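# Results of the structural survey
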Amino acid sequence: MTVETDGGDATVALGANGTTVADTAESHDPDTAADRESDVAESREPESETASGDASEAEEALIEEGEIAGDYLEQLLDVLDFDGDIDLDVEGDRAVVSIDGGRDLSKLVGRRGEVLDALQELTRLAVQQTTGVRSRLMLDVAGWRAKRREELSALGAAAAQRVLDSGKPESLSPMTPFERKIVHDAVAEVDGVESESEGVEPNRHVVVLPS
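Residues numbered from 1 in each chain as written. Predicted model: local features only at pLDDT ≥ 70, side-chain atom pairs only at ≥ 80, totals over all residues. Heavy atoms only, no water.

The name an unreviewed UniProt entry gives the protein chain is SpoIIIJ-associated protein, with Nocardia mexicana as the organism.

### Details of the overall build of the protein chain
Summing up its helical and strand segments, the protein chain has 4 helices and 8 strands in all. Along the protein chain, helices (α) and strands (β) appear in the sequence β-β-α-β-β-α-β-α-β-α-β-β when read from the amino end. Per-residue burial over the protein chain gives 38% buried out of 211 residues. In the protein chain, the proportion of contacts linking residues at least 24 apart, taken out of those at least 6 apart, comes to 63%. (Helix = DSSP H or I, 4+ residues; strand = E, 2+ residues; numbered from the N terminus. Buried < 20%, exposed > 50% of the residue type's maximum accessible area, 1.4 Å probe, protein only. Contact = heavy atoms within 4.5 Å.)

### Concerning the packing of aromatic side chains
The tally for this structure, following the rule as stated, stands at 0 aromatic pairs. Over the ring of Phe-178 we find Arg-145, and its NZ or CZ is 4.8 Å from the ring centre. (Phe/Tyr/Trp six-rings, centres within 6.5 Å; stacked < 30°, edge-to-face > 60°. Lys NZ or Arg CZ within 6 Å of the ring centre and 35° of its normal.)

### Observations concerning a negative patch on the surface
On the surface, Glu-64, Glu-67, Asp-71, Glu-74 and Asp-78 cluster together into a negatively charged patch. Its place among the elements puts Glu-67 in helix 1 (residues 49–80). (Patch = residues over 30% accessible without salt bridge, like charges linked within 9 Å, V, L, I, M, F, W, Y side chains within 5 Å. Areas by Shrake-Rupley, 256 points an atom, 1.4 Å probe, with all protein chains shown as cover. Salt bridge = Lys/Arg side-chain N within 4 Å of Asp/Glu carboxyl O. Lys, Arg positive; Asp, Glu negative; His and termini not counted. Charge placed at Lys NZ, Arg CZ, Asp CG, Glu CD.)

### Some points on the pattern of salt bridges
Should their charged atoms come close, side chains of opposite charge can pair. On inspection of all chains with the given rule, the structure shows 10 salt bridges. A salt bridge links Glu-179 to Arg-148; its shortest N-O distance comes to 3.0 Å. Of the two residues, Glu-179 sits in helix 4 (residues 177–188) while Arg-148 sits in helix 3 (residues 144–166), which places them 31 residues apart along the sequence. Several salt bridges converge on common partners, so that one network encompasses Arg-112, Arg-148, Glu-151 and Glu-179.

### Here's the deal with the pairing of strand 3 (residues 85–91)
Note that strand 3 and strand 4 (residues 94–100) share 7 bridges and pair antiparallel. Looking across to strand 4, one finds that Val-90 is bridged to Ala-95. (Pairing = 2+ DSSP bridges.)

Here it is in structure tokens:
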């Protein structure tokens, strides 16, 4: 991974235990209807002791993911000479890790979140090296994803209203899978319209149309 700084590029690729990860795949969160669920799933009362036990085990697994990710990111921040507080949480069926409070953290976000996406993928790979299971962990830096989520929710709701009023489809600008999912969720909240993704990366975009 290359992190751009004012003084040049710092190439970092550390594995879960300090080993090198030579290649970093792009984030491949699926952009399908099945994956448009809310980031925070609604809590449900367990139907039985077995269900309760399964839920507890699943949460423990996510907590373990967060702890592994936190250790990995702590090493990474030391290598990059960045300061930051690492916060671990579980939201729905994802472990969530946030880095806040440090200087120059915007450099770990990059333009439109490209560096953050690469960092997230590296962290997922580090978790997978330890657990053997593909991780869906979400990484945020300096609250960037939270702010972006608010902006995209508003954008999706506004586009849905325009399509509802005009009756004509509207194409939005190309977005990442993370961004498209938020727009899909926002559009789904408006009756009478629907959304779908069209195109090929990096130009894949959301189209809002009357239902």
